Amino acid sequence: MTERPTHAPMNQFAHRDGELLIGGQTLSTLAARVGSTPFYVYDRQLLRERVDGLRAALPPQIKLHYAMKANPMPAVVGLMATLVDGIDVASAGELKVALDAGADAAEISFAGPGKRDAELGQAVAAGVLVNVESARELPVLAQASQTLGLSARVAVRINPDFELKGSGMKMGGGPKQFGIDVEQLPGLLVEVGRLGLAFEGFHLFAGSQNLRAASICEAQLKSYELARRLADLAPAALRFLNLGGGFGIPYFPGESRLDLQPIGDNLAQLVERARTELPEVSFVLELGRYFVGEAGVYVTRIVDRKVSRGQVFLVTDGGLNHHLSASGNFGQVIRKNYPVTIGNRIDATVLETASIVGPLCTPLDLLADQMDLPVAQIGDLAVVFQSGAYGASASPQAFLGHAPCAEVLV
Ligand SMILES: *Cc1c(COP(=O)(O)O)cnc(C)c1O
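Residues numbered from 1 in each chain as written. Predicted model: local features only at pLDDT ≥ 70, side-chain atom pairs only at ≥ 80, totals over all residues. Heavy atoms only, no water.

(A) Examining the site of the ligand more closely. Surveying the vicinity of the ligand reveals 12 residues, the closest of which are Lys 69, Ser 208, Gly 288, Arg 289 and Tyr 390. Ser 208 is positioned such that a nitrogen or oxygen atom in its side chain is 2.5 Å from an oxygen atom of the ligand. Measuring from an oxygen atom of the ligand, one finds a side-chain N or O atom of Tyr 390 at 2.6 Å. Considering the ligand on its own, with 390 Å² of exposed area, one finds that the protein chains cover 92% of that surface. Residue composition of the shell around the ligand, by class: 5 nonpolar, 3 polar and 4 charged. (Near = heavy atom within 4 Å. Polar contact = N/O pair within 3.5 Å; in protein donor to acceptor, adjacent residues only side chain to side chain. Areas by Shrake-Rupley, 256 points an atom, 1.4 Å probe, with all protein chains shown as cover. Nonpolar A, V, L, I, M, F, W, Y, C, P; charged D, E, K, R; others polar.)

In structure tokens:
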């Protein structure tokens, strides 16, 4: 008989009196403090420990950027800006949040397809680095430079001829809307030079949510070697090399936490090679979910308990409308359960099989499908772990007219 795979232990949060402790408060006290359910809560201490832990595992020369699309809550971005070396934004809206949060413009980079002319102008005015994703952006940047009397800082995002194997989402390799195909790079680099743009380096981002250290190392090595070859064609020395990220966190049964040791070793070798091969280069990793995902939970109150033909349904006051990812509708191919519990009955010894569903009138609104959970009653608090990334801002909050969720940083 084979054991059913289980979720990785969610031991980043302590318990007290059978309740989850977040930011030093029990879940029920925290819910009273927030004043309404559902809500997301993010733990400052866990965010700090995450960044510190990653720094300790990597060579000191590696700069860490926070890709704020994972969690754009202004208070989170403000805290992250004090912990990491730079912020990666993907729209003028995110650029505003990052600048308002006090992030250093010199250490902000702006990636993403379809940048509007106005957004490119804002980026030049702000003095941030633009990761160019299309030849169309170059003359717009040159025009903005001229109008503003400021030189446009550019890196070129490369769509490489390889993929990040085993990624939850592939964002490089093959035909893609992201970046410039490596075959087109020689001509594009000539154009960057001709237009007098301030070339700083390359950006590669091959994929996301990867738990296989060996695949990440392979992609980093290939990215480095590609950048080294292309550096000979660049109009200026390479000062910036963003190797992407893609570090995953365990969401589903059978997954375990990423092993950082081989990644640290691999990067140490690249740093050593760069001392002679690319002597002016700074390496950057840009990570979203790895920094914030495990530090946040989604909390929703059980408002009904129903039994239908022998199956228990716990109906909550929020679901897919606030947490599309946990419902399985944000990029999952086969729906699997996030780690979920009843946050005020953590010590329960008696479990029952139950499904947790949200209040929306669609069968897609499912937070837990027949999981073994503490026996829950109306008024209890269901908790979805691993919810600090791609939660509130990545969900259709207007769908079905329920109130938006609260978000707190504790
Ligand atoms: C989405 C994205 C990230 C962050 O991805 P995570 O999986 O959250 O780490 C980083 N860089 C780029 C270019 C992205 O599009």
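(B) Local environment of the side chain of Asp 317. Among the secondary structure elements, Asp 317 is positioned in the loop between β17 (311-316) and α11 (324-327). Although Asp 317 is buried, it makes no salt bridge; Arg 301 carries the closest opposite charge, 5.3 Å away. Here Thr 37 takes part through its side chain, which lies 2.5 Å from a polar atom of the side chain of Asp 317. One polar contact links the side chain of Asp 317 to the main-chain amide nitrogen of Arg 301, over a distance of 2.9 Å. In contact with Asp 317, not counting residues within four places along its chain, are Thr 37, Pro 38, Thr 300, Arg 301, Val 303 and Pro 359. (Helix = DSSP H or I, 4+ residues; strand = E, 2+ residues; numbered from the N terminus. Buried < 20%, exposed > 50% of the residue type's maximum accessible area, 1.4 Å probe, protein only. Lys, Arg positive; Asp, Glu negative; His and termini not counted. Salt bridge = Lys/Arg side-chain N within 4 Å of Asp/Glu carboxyl O. Contact = heavy atoms within 4.5 Å.)

(C) Molecular detail of the environment of Leu 164. In this fold, Leu 164 is placed in the loop between β9 (153-159) and β10 (169-170). Sequence separation of Leu 164 and Ala 219 is 55 residues, and the distance between their C-alpha atoms is 5.8 Å. Not counting residues within four places of it along the chain, the set of residues in contact with Leu 164 comprises Lys 170, Ala 206, Gly 207, Ser 208, Asn 210, Ser 215, Ile 216, Ala 219, Gly 245 and Gly 246.

(D) Fine view of the packing of aromatic side chains. Counted according to the given criterion, the structure contains 11 aromatic pairs. With a centroid separation of 5.7 Å and 35° between ring planes, the pair formed by Tyr 251 and Phe 252 is classed as tilted. Ring pairing ties together the aromatic residues Tyr 40, Tyr 42 and Tyr 298, which thus form one cluster. Residue placement shows Arg 50 over the ring face of Tyr 290; its charged tip is 3.9 Å from the ring centre. The side chain of Lys 115 reaches across the aromatic face of Phe 110, ending 5.6 Å from its centre. (Phe/Tyr/Trp six-rings, centres within 6.5 Å; stacked < 30°, edge-to-face > 60°. Lys NZ or Arg CZ within 6 Å of the ring centre and 35° of its normal.)

So far we have only geometry, and geometry alone does not tell us how the molecule works.
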